[in-house]
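Letter by letter, the chains look like this.
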Amino acid sequence: MSLHTLPNDIQNLIGQLTDRLEDWIKTNHADVPSNFDSSERLKSNPDADETKGRLIGVLEQLKWLLYEPTDYLKELTQGRSLDIGTVRALVRLGIPAKVPANRDIAVVELASKVFVTAKALTRLLSYAETLGLFRFTVEDRSRVGHTVFSAGLAQGVYAELAAWDVTVPPAASIELSTALRTYGSCDGPEKASFKIGMGTEDNFYQWHKNNPVYADLFHKGMASEQEDPRTSPQHIVNTYDWSSFNGKVIVDLGGSTGHVSKSIIKAHPEVQIVVQDQADVIATTKPTEGVSLRFVAHDFFEVQTYVADAYILRYIFHNWTDEDCVRILKALRPALREGTKLFVMELVQDGYAMSPESWFEDRIIRRRDMQMMSFIGASERTIDDYDKLVHDVIPEFQFEGSHRPAGSFVAMLEWTFVTMEDE
Ligand SMILES: C[S@@+](CC[C@H](N)C(=O)[O-])C[C@H]1O[C@@H](n2cnc3c(N)ncnc32)[C@H](O)[C@@H]1O
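Note that the coordinates shown come from a computational prediction; the quantities given were computed from them, not determined experimentally.

1. Some points on the overall build of the protein chain
Across its full length, the protein chain holds 19 helices and 10 strands. Counting only C-alpha atoms and orienting by the principal axes, one finds that the protein chain spans roughly 80 × 50 × 50 Å. The burial tally for the protein chain puts 42% of its 423 residues in the buried class. Accessible surface, the protein chain as shown: approximately 22400 Å² in total, 53% of it carbon and sulfur. If the 43 positive side-chain charges of the protein chain are averaged to one point and the 61 negative ones to another, these points end up 7 Å apart.

2. Here we look at the sheet that holds strand β3 (residues 143–145)
Strands sit in the order β1-β3-β2 across an open sheet of 3 strands; the sheet is antiparallel. Every other strand in the sheet has two partners, leaving β1 (105–106) and β2 (135–136) as the edge strands with one partner each. Alignment of β1 against β3, held across 2 bridges, turns out to be antiparallel. From the neighbouring strand, Ala106 faces β3, where its bridge partner is Arg143.

3. Remarks on the domain arrangement of the protein chain
On domain assignment, one finds that the protein chain holds domain 1 (7–66), domain 2 (69–155), domain 3 (168–224) and domain 4 (228–351 + 378–417). The gap between the C-alpha centroids of domain 2 and domain 3 is 28 Å.

4. Concerning helix α5 (residues 107–114)
The α-helix advances 3.6 residues per turn, and as a result positions three or four apart in sequence lie on the same side. Those residues of α5 lying buried are Val107, Leu110, Ala111 and Val114. When α5 is viewed along its axis, its buried side chains cluster within an angular range of 105° and face the same direction. Turning to α5, the residues buried within the fold contact α4 (95–98), β1, α6 (118–129), β2 and β3. Phi turns positive one or two residues past the end of α5, at Phe115, with a value near 60°.

5. Describing the packing of helix α8 (residues 157–165) against helix α13 (residues 212–224)
Viewed as axis vectors pointing N to C, α8 and α13 meet at an angle of 135°, and their least axial separation amounts to 9 Å. Between α8 and α13, the crossing angle belongs to the class labelled oblique. Between α8 and α13 the crossing geometry is left-handed. Here Val157, Glu160, Leu161, Ala163 and Trp164 of α8 lie close against α13, whose contacting residues are Tyr214, Leu217, Phe218, Lys220, Gly221 and Ser224.

6. As for the sheet that holds strand β6 (residues 293–297)
Strand order in the open sheet made by the 7 strands is β6-β5-β4-β7-β8-β10-β9, with mixed pairing throughout. One side of each edge strand has no neighbouring strand; the edge strands of this open sheet are β6 and β9 (397–403). On average, adjacent strands in this sheet sit at an angle of 20° to one another, irrespective of strand direction. In terms of strand pairing, β9 meets strand β10 (residues 410–417) through 6 bridges, oriented antiparallel. In the sheet register, Gln398 faces β10, and the bridge partner there is Thr416.

7. A short note on the site of the ligand
The local shell around the ligand holds 17 residues, among which Gly254, His259, Asp277, Asp299 and Arg314 are the closest. Interatomic distance of 3.5 Å between a backbone N/O atom of His298 and a nitrogen atom of the ligand. One of the backbone N or O atoms of Phe300 is found 2.9 Å from a nitrogen atom in the ligand. Starting from 590 Å² of accessible surface for the ligand in isolation, the protein chains cover 87%. Along the lines of polarity and charge, the residues of the shell around the ligand split into 7 nonpolar, 7 polar and 3 charged.

8. A closer look at the side chain of Asp83
Among the secondary structure elements, Asp83 is positioned in helix α3 (residues 69–92). At a separation of 2.6 Å, a polar atom in the side chain of Asp83 contacts the side chain of Tyr127. Apart from the residues within four sequence positions on either side, Asp83 is in contact with Tyr127 and Leu131.

9. Re the pairing of strand β7 (residues 310–314)
By the criterion of burial, β7 is predominantly enclosed, with 5 of the 5 residues buried. Of the two faces of β7, the one lined by Ala310, Ile312 and Arg314 and the one lined by Tyr311 and Leu313 are each fully buried. By the bridge criterion, 3 bridges tie strand β4 (residues 249–253) to β7 in an arrangement that is parallel. Within β7, the position partnered with Ile250 by the bridge is Ala310. The sheet contact formed by β7 and strand β8 (residues 341–347) spans 5 bridges and is parallel. Bridging across to β8, Ala310 finds its partner in Lys341. Between β7 and its parallel partner β8, the chain crosses via helix α17 (residues 322–332), and the hand of that crossover is right-handed.

Thresholds applied
Residues numbered from 1 in each chain as written. Predicted model: local features only at pLDDT ≥ 70, side-chain atom pairs only at ≥ 80, totals over all residues. Heavy atoms only, no water. Helix = DSSP H or I, 4+ residues; strand = E, 2+ residues; numbered from the N terminus. Buried < 20%, exposed > 50% of the residue type's maximum accessible area, 1.4 Å probe, protein only. Areas by Shrake-Rupley, 256 points an atom, 1.4 Å probe, with all protein chains shown as cover. Lys, Arg positive; Asp, Glu negative; His and termini not counted. Charge placed at Lys NZ, Arg CZ, Asp CG, Glu CD. Pairing = 2+ DSSP bridges. Domains from an automatic or database assignment. Arc of directions from axis to C-beta. Contact = heavy atoms within 4.5 Å. Axes fitted to C-alpha atoms, helices over the stretch in contact; angles between N-to-C directions. Parallel < 35°, antiparallel > 145°, perpendicular 65-115°, else oblique. Left-handed = near helix turned anticlockwise from the far one by under 90°. Near = heavy atom within 4 Å. Polar contact = N/O pair within 3.5 Å; in protein donor to acceptor, adjacent residues only side chain to side chain. Nonpolar A, V, L, I, M, F, W, Y, C, P; charged D, E, K, R; others polar. Right-handed = clockwise from strand over helix to strand, strands pointing away.

What follows is the structure in structure tokens.
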């Protein structure tokens, strides 16, 4: 489908997708979604999530058809800068946590708690209301309560993480132009716009070492991904027949504290897994009862000395420039033997095509790609990019294809090291 889909097609798609969602709600006895009661939201589920994502993309397409170009452009420039400024003010003034979870509050009372005037707060909240954040009580607009979105800034996993999100991404992205004009690219942490935007000589990694509060939030944010069904390590367990490695050894390179390996080994206790990471990360690991993982300090830029039957690299390459990925692969090469498997797990796009129905997912993956660029000068890649990267360094690696289970944003790419030609 092209980006110039006729409104008729859009209408049909909206009809089909809403019907499908309604059927799903009926068959699963789910509640009709509400913006005001999180207990009535559609629970995350691969079937429903896929339909919801497609529908959001199609509705975005409809929006593009309806907007006058100038209005739309102003929405991007004036609207979105104000959006982030507003959310940042809400978060930094601590407003979401001061609004009771299950009832409304007088704006005057709220204002006295967050030390701004009632008039200024009313204006801020009125704008926030247009973003689906907070709502004024219908019968008495001097009172305000939560929506499910503003409630997410007050409690739950994201409430704490939002402090990082309103600080680092806006600063890094606003200076993309300066970094690109200065360096022509943002390749590597030293050229990433993060440094310019944050007004620091430290790159992303050094800055977090010097700002432990933000480092803690960043690590919590990474860990929270495990709870997200779209990026859950459980998909990796279900995607592949890991029992084919029973009695064999897998190295989880850059495996952090082993959360991915633990999921595999719990389902396949006969597989042996060695988690390698930097010494300071390995030093924080603790044995988990009933799980026989081994943790070994190893710098993946140094020659790999641990000969294993397979190497897993999950979320590793996306942190590095092509040149650094080449160094990681070269360091791995000496440990490879006939039949060794390489598994790369990343958010990937199947090329750069975008359709209305893929918009929601494309947007998340492309957002992540631009974050990689602006934070650390790295990138998300396509399947072809990965195949070329691996093949150029280790031509013996035969690409077996990519596996991506329903509901997962993360694909698993598989290679086999083959030196002997088939007879
Ligand atoms: C984005 S995290 C991915 C962690 C894990 N593989 C996952 O999927 O959640 C990148 C990991 O690479 C590790 N790392 C960074 N530089 C490294 C190096 N030179 N040698 C080994 N590990 C490294 C980090 O400590 C971190 O655990």
